[in-house]
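The primary structure of each chain is shown beneath.
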Amino acid sequence: RSETPQIVTGEFLVPDPNALAVVSDIDDTVLRTGLTEGFVAFKNTILSSPDSRRPVPGMATLYQGILEADSDADCKPSFFYVSTGPWNLYEMITDFLAARGFPKGVMFLTDWGPQDRYVMRSGKEHKRSTLARLFASYPQTAFLLVGDSGQNDPVVYIEAAREFPGRVK
């Protein structure tokens, strides 16, 4: 059967490889999820609207400051947001980020269900593989890595800094 061609309108971000790249965790770094609190995280994720979700205080201001301080007319920092949250939360997350004043950015989310090596999605493995892809895709780019201790972000970020010397600010 033949399909009728569709015209769609969308937006995409093209990171400048010469600009700073900010890689930010989402859960409990920019969006209060209570990820380490079990039922609280489930309730916040499934039952809350973007309008009722709470940001981590000061993070939108910090990111806007990075955007303004480290940019000129031709070279603005790029933002990459990473979460073990599933892709079906994409719209909620992007609505939340926009409503709270966070810079637009590329999302790296996960699929529901068990992964090849894990029964549950591993935040550490997801961040490791995302960072490896970003460092390989942008070999001349310097990175600023932002996270919290709930899913061992500092451990993953230290590993990345050791694996890619001179690339992490």
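Since the model is a prediction, treat every value here as computed from it, not as a measurement.

Peer 1: Can you break down the pairing of strand S3 (residues 106-110) residue by residue, with the values?
Peer 2: Burial runs high along S3: four of the five residues are buried. In this sheet, S3 lies alongside strand S2 (residues 78-86) in parallel orientation, the contact comprising four bridges. Note that in S3 the partner of Phe80 across the bridge is Val106. Remark: the S2/helix H3 (residues 90-99)/S3 crossover connection has right-handed handedness.

Peer 1: With reference to specific residues and values, describe the packing of aromatic side chains.
Peer 2: Following the criterion strictly, the structure yields nine aromatic pairs and no others. Arranged with centres 6.2 Å apart and planes meeting at 40 degrees, the rings of Phe80 and Phe108 form a pair that is tilted. Pair noted here: Phe80 is in strand S2 and Phe108 is in strand S3, with a separation of 28 residues, a long-range link. Under the relative-accessibility criterion, Phe80 is labelled buried at 2%. Three or more aromatic residues link up through ring pairs in this structure, and these residues are Tyr63, Phe79, Tyr81, Phe96 and Phe102.

Peer 1: Could you give an account of empty space enclosed by the protein, naming the residues involved and the relevant values?
Peer 2: To find leftover empty space, one rolls a probe the size of a water molecule over the atoms. Throughout the structure, instances matching the rule amount to one cavity of 30 Å³ or more. Counted as a void, the largest cavity has a volume near 30 Å³. Forming the boundary of the largest cavity are Pro15, Asp16, Ala19, Ala21, Ser78, Phe80, Tyr138 and Thr141. Class assignment for the residues of the lining of the largest cavity results in five nonpolar, two polar and one charged.

Peer 1: Describe in detail helix H2 (residues 59-69), supporting the description with residues and values.
Peer 2: Among the residues making up H2, those that are buried are Met59, Ala60, Tyr63, Ile66 and Leu67. Angular distribution of buried residues about the axis of H2 spans 125 degrees; they occupy a single face of the element. What points out from H2, more than 90 degrees from its buried face, is the exposed set Thr61, Glu68 and Ala69. Buried residues along H2 sit against strand S1 (21-25), S2 and strand S4 (143-146).

Peer 1: Just give me the short version of unusual backbone geometry, but keep the residues and values in it.
Peer 2: Trans is the common state for peptide bonds, and a negative phi is the common state for residues other than glycine. If you check the backbone angles, Asp28 has positive phi at about 65 degrees while not being a glycine. With respect to the helices and strands, Asp28 occurs in the loop between S1 and helix H1 (39-47). For Asp28, a relative accessible area of 26% gives the class partly exposed.

Peer 1: Can you break down the nonpolar core residue by residue, with the values?
Peer 2: Judged by nonpolar contacts, the single largest core of 22 residues is most densely connected at Ile26, Val30, Tyr63, Tyr81, Ile93, Leu97 and Phe102. Elements with a contribution of two residues or more to this core: H2, S2, H3 and S3. Top element by residues in this core is H2. It accounts for five residues. Ranked by size, the runner-up nonpolar core spans 15 residues in total, among them Ala21, Phe80, Leu134 and Tyr157.

Peer 1: Outline helix H5 (residues 153-163), supporting the account with residue identities and numerical values.
Peer 2: For H5, the set of buried residues is Asp153, Val156, Tyr157 and Ala160. End-on, the buried residues of H5 take up no more than an arc of 95 degrees, which puts them together on one face.

Peer 1: How would you summarise the environment of Arg167 if you had to cite specific residues and measurements?
Peer 2: Structurally, Arg167 can be placed in the segment after H5. By relative accessible area, Arg167 is classed as buried at 14%. Here the alpha-carbon distance between Arg167 and Phe135, two residues 32 residues apart in the chain, equals 8.3 Å. When near neighbours in sequence (up to four residues on either side) are disregarded, Arg167 contacts Phe135, Tyr138, Pro139, Gln140, Thr141, Ala142 and Phe143. Here the side chain of Arg167 touches Tyr138 through a polar contact of 2.4 Å, landing on its backbone oxygen.

What counts as what
- Residues numbered from 1 in each chain as written.
- Predicted model: local features only at pLDDT ≥ 70, side-chain atom pairs only at ≥ 80, totals over all residues.
- Heavy atoms only, no water.
- Buried < 20%, exposed > 50% of the residue type's maximum accessible area, 1.4 Å probe, protein only.
- Helix = DSSP H or I, 4+ residues; strand = E, 2+ residues; numbered from the N terminus.
- Pairing = 2+ DSSP bridges.
- Right-handed = clockwise from strand over helix to strand, strands pointing away.
- Phe/Tyr/Trp six-rings, centres within 6.5 Å; stacked < 30°, edge-to-face > 60°.
- 1 Å grid on protein atoms, 1.4 Å probe; cavity = no way out; pocket = protein on both sides within 12 Å on 5 of 7 lines; lining within 4 Å.
- Points joined across faces, edges and corners; volume = space filled by probe spheres on them.
- Nonpolar A, V, L, I, M, F, W, Y, C, P; charged D, E, K, R; others polar.
- Arc of directions from axis to C-beta.
- Contact = heavy atoms within 4.5 Å.
- Core = buried A, V, L, I, M, F, W, Y, C linked by side-chain atoms within 4.5 Å.
- Polar contact = N/O pair within 3.5 Å; in protein donor to acceptor, adjacent residues only side chain to side chain.

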